[in-house]
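# Coordinate analysis (summary)
Listed below, chain by chain, are the residues.
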Amino acid sequence: MADNIIIRVQSPDGMKKIPSTKRETAAAFLKKVAKEFGFNSNGFSVYLNRNKTGEILSQNKTLSLLKIKHGDMLFLFPSMSSSSSEVMDTVQEDEIDQYLAKQDGKIYRNRDPQLCRHGALGKCVHCVPLEPFDEDYLNHLDPPVKHMSFHAYLRKLTGGADKGKFAALENISCKIKSGCEGHPPWPEGICTKCQPSAITLNRQKYRHVDNIMFENHTIADRFLDFWRKTGSQRMGYLYGRYTEHKDIPLGIRAEVAAIYEPPQNATQNSLELLEDPKAAAVDEIAAKLGLCKVGWIFTDLLSEDTRIGTVRYSRNKDSHYLSAEECITAGYFQNKHSNPCRLSRDGHFGSKFVTVVATGGPDNQVHFEGYQVSNQCMALVRDECLLPCKDAPELGYAKESSLEQYVPDVFYKDKDKFGNDVTFLARPLPVEYLIIDITTTFPKDPQYTFSSTQRFPIENRDILGETQDFHSLATYLSQCTSASFLDIVSDFHLLLFLVTNEVMPLRDSIGLLLDAVKTSNEDLAQTWKKSEQWATIEQLCSTVGGQPSSSLGYGAMGGPSVPASSSAMWSCLHCTFMNQPGTEHCEMCSLPRS
């Protein structure tokens, strides 16, 4: 019994008592420590002193020979370098992140003729290059930039004398740490080691995306057509790519090339997303086209005057920019599409997923406003700590702890009526503390990833009579007589139909065509056109028939165009509305059939 001893081991997570014996080897003792603290054999080091001297190595010497006695305190330090290097080796960052990480990023300035007193090759405080996170430079841009780019923030973390040796991005957690054995689980017990820290909401100094750009106005106009024709709101996913935004040092731009509209129930005041069986196929097609899901868009439009086409200006400083429910939805999407990051232990940090709102502006015209929610909001949404308020869309509400869930206190700072900074409990919470605004733009010179000039019907718009079937495909092809085959098939919604239709899905055989559209290669498109799959598509289209071309005598399939039967539904050449047989004018736009 005299050989039994207890050694205290102090770690960053707390102290634990390890039972041992004087004759136990250091190697066996370190295995006990690893098991008790949940480390692997190489994930920590144990020292005799707090200043990391006298390291205990894994060897066959007994504790008595190492002069470790009953009640001694040892100090455990996790080996951060090994864990972080493992994460750096395994995390595959996005291409734009890899590109920006290699850039210099400094803001170069020309020699000032009035202030600089040196030669052409010299530098002084008035012309030396600035760091990309220089707040004074960002504040003097036109317009001023409130948030530095994420990579500029990383440069700020990894700068200085230590070169970021101790820089680490920590994801906020609002959950109780698991594995605490010193007390019963919640709600019977909780301690400072497992209790999550309180959160004080602050304005995020950086943003993961600095600009959102639609390639052309057609993308947005086609999306808005649903509201124009029905008065109901609409939601869609933005597909595009991330590129460098050169207006901001080390900035990132989300370029939108297409909008996919999932199944949904919509009214004038609400949106409800339905389960989408084609979601995986859409992501797969987008990836093969070199695109990814970069965000989501929804409308909040209410007509002001139908005669002049104005809309109500409802989202402003006196009401709200994003409601609490929309912030929670944005946080859900951002958690679902997290940003791979080598400097985080978890392998991810934040998100590049953006939110775009089509709403009325100060001039009563449709404006597109871009947003993200902060990483603090993402954590509150991920751990189910944030709720919307029923009667006040501009307010959220931090949940209170219950028997099922412990919720840490959430605070925010504001000024009272005397101008003093006061800390308030986030019940309720103004959602402005959670929002990051992003400029949304259209280019002066339109860009086109998908070059088709005709419009194939958009998916999930059956309520408008716009159906994706082989009849609409035949009509579409008959209208594209003068275009090249690559231009005909260069339509995102057409490619989705070819892959996901139930009659003849081409999911396994359309790879060559997707490569042709991605690289704008007409030869590849012509090669795929000669395949059996396209011949079958042509045969199906000729069976159902389509709207003939009024200008040319040959259809898209190369043969003479056949007049449409007067007993079949016909598609309007101007608005693509499907009209009943026997009518000569479109029921939607009132324009003549021919």
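Here is a short report on the structure shown in this document. (Residues numbered from 1 in each chain as written. Predicted model: local features only at pLDDT ≥ 70, side-chain atom pairs only at ≥ 80, totals over all residues. Heavy atoms only, no water.)

Another point: the overall build of the protein chain. Along its length, the protein chain carries 15 helices and 27 strands. With the C-alpha coordinates of the protein chain rotated into their principal frame, the extents come out at 105 × 65 × 60 Å. Counting the 594 residues in the protein chain, one finds 43% classified as buried. Sequence separation of 24 or more characterises 65% of the internal contacts of the protein chain that already satisfy a separation of 6 or more. Surface exposure of the protein chain reaches about 31,800 Å², of which carbon and sulfur atoms provide 51%. If you average the places of the 63 positive and of the 73 negative side-chain charges in the protein chain, the two averages end up 10 Å apart. (Helix = DSSP H or I, 4+ residues; strand = E, 2+ residues; numbered from the N terminus. Buried < 20%, exposed > 50% of the residue type's maximum accessible area, 1.4 Å probe, protein only. Contact = heavy atoms within 4.5 Å. Areas by Shrake-Rupley, 256 points an atom, 1.4 Å probe, with all protein chains shown as cover. Lys, Arg positive; Asp, Glu negative; His and termini not counted. Charge placed at Lys NZ, Arg CZ, Asp CG, Glu CD.)

If you add up the space inside the second largest pocket, you get close to 810 Å³. Contributing to the lining of the second largest pocket are 30 residues, with N269, S270, L271, E325 and E326 lying nearest its centre. For the lining of the second largest pocket, the elements supplying multiple residues, two or more each, are β12 (271-273), β13 (292-300) and α8 (324-336). Residue composition of the lining of the second largest pocket, by class: 13 nonpolar, nine polar and eight charged. (1 Å grid on protein atoms, 1.4 Å probe; cavity = no way out; pocket = protein on both sides within 12 Å on 5 of 7 lines; lining within 4 Å. Points joined across faces, edges and corners; volume = space filled by probe spheres on them. Nonpolar A, V, L, I, M, F, W, Y, C, P; charged D, E, K, R; others polar.)

Turning our eyes to something else, we now look at unusual backbone geometry. Cis geometry marks the peptide bond from W186 to P187; its omega dihedral reads 15°. Relative to the assigned elements, P187 resides in the loop between α5 (150-158) and β6 (199-201). Put simply, R427 and P428 share a cis peptide bond, and its omega is 5°. Here the phi dihedral of K67 falls at roughly 65°; this positive angle occurs in a residue that is not glycine. By secondary structure assignment, the location of K67 is in the loop between β3 (44-47) and β4 (73-78). Of note in this structure, L250 is not a glycine but carries a positive phi near 55°. Along the polypeptide, L250 turns up in the loop between β9 (235-245) and β10 (251-260). According to the relative accessible area criterion, L250 is buried, its value standing at 5%.

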